[in-house]
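# Coordinate analysis (summary)
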Amino acid sequence: MPSNQTPLGALPARFRRQRVLIVGCGDVGLRAARALGAGARVLALTSTPERVPALRAAGITPLVGNLDQAATLARLAGVATRVLHLAPPPGEREVGPRWWLDPRSVALARALRLRTLPQTLVYASTTGVYGDCAGAWVAESRPVAPATPRAQRRVNAERAVRHLGRAGVRVSILRVPGIYAADREGGTPRARLLRGTPVLQAHDDVYTNHIHADDLARACVAALWRGRSQRTYHASDRSELKMGDYFDLAADLYGLPRPPRVSRDAARAQLPVSLLSFMGESRRLLTERLARELRVRLRYPTVAEGLRADQRG
């Protein structure tokens, strides 16, 4: 064999081992890495050097860098054939005067442009980009109407990755609702139920949406291979529950008292603004694209099934 040829180079692209870069490799990222299995080499960006041993123990190659320090991201250029972007925009305490922007997604996109572009990029956004839909059924084609600074930064992040898509990357966006799982920090309603935090009375209540963390990880992996270019998908289960009914369901399952029901006016007086923001938006998500295009068959099609499975351990 000539010295400038390798067995890998002689193979068709579909047989080459894929290199998947996970940006924002927290709980869902680790689940996605496990779902990828041995068929891909998984790399992860981490801004915390102390996490390097744990990532290596999970079979992940760590790359130390910080999305808030663009100069540290050059090493990401050309390292991956596929990118899973799970990093959130800056929080309220981290934003500057241009509070509606997500500089992290912009910095990532610029770094990826420095060398050979990845084939695909999947960005995990939020269903909060729709704002309040008054309980209506929402398709992915619905225009965004972000009502909070947090949601506006997510819209900006979506635009940043879509712009990368126009350079030739097959970009897909997953819009994600509330994530739950018993083995996820804060991943169940138990702590809130123990605190006795109230929920809205029935005629004031809002529809809420959920996805089990394992199903979300599987949706992320499916989108890396099957997601269509510039396409949006709802990564949600098929539950049709109002928020209060969700907490009642969990309370009954855990053998705890159901939370008190209060009016919206009383909730404004008792609850923090961060929690009230979730109680001010109501929508139900259509998920046909998830099943038809990504071919994801949910292990936990409803939140009731997911909570019961987690309870069984």
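Below, the structure is looked at part by part.

Thresholds applied
Residues numbered from 1 in each chain as written. Predicted model: local features only at pLDDT ≥ 70, side-chain atom pairs only at ≥ 80, totals over all residues. Heavy atoms only, no water. Salt bridge = Lys/Arg side-chain N within 4 Å of Asp/Glu carboxyl O. Helix = DSSP H or I, 4+ residues; strand = E, 2+ residues; numbered from the N terminus. Core = buried A, V, L, I, M, F, W, Y, C linked by side-chain atoms within 4.5 Å. Buried < 20%, exposed > 50% of the residue type's maximum accessible area, 1.4 Å probe, protein only. Contact = heavy atoms within 4.5 Å.

### Things to note about the pattern of salt bridges
Here the structure, examined in full by the defined rule, presents 20 salt bridges. The closest approach of N and O atoms between Arg284 and Glu240, which form a salt bridge, is 2.7 Å. On the criterion of sequence distance, the pair formed by Arg284 in strand β15 (residues 284-285) and Glu240 in the loop between β12 (231-234) and β13 (241-242) is long-range, its members being 44 residues apart. Counted as one network, the salt bridges with shared partners bring together Asp205, Asp245, Asp248, Asp252, Arg258 and Arg261.

### Observations regarding the nonpolar core
Ranked by internal contacts, the top residues of the largest apolar core, which has 33 residues, are Ile22, Leu84, Leu174 and Leu294. Listing elements by their share of this core, those giving two or more residues are β1 (18-23), α2 (27-36), β2 (40-46), β5 (120-126), β7 (170-176) and α7 (213-226). Broken down by element, this core gets its largest block of residues, eight residues, from α7. Residues in contact with Ile22, not counting those within four places in the same chain, are Gly29, Ala33, Val42, Leu43, Ala44, Leu45, Leu84 and Leu86.

### Looking at the environment of Glu305
Take Glu305: it is sitting in helix α12 (residues 303-312). On the accessibility criterion, Glu305 (37% relative accessible area) is partly exposed. As for Glu305 and Asp265, which are separated by 40 residues in sequence, their C-alpha atoms are 33 Å apart.

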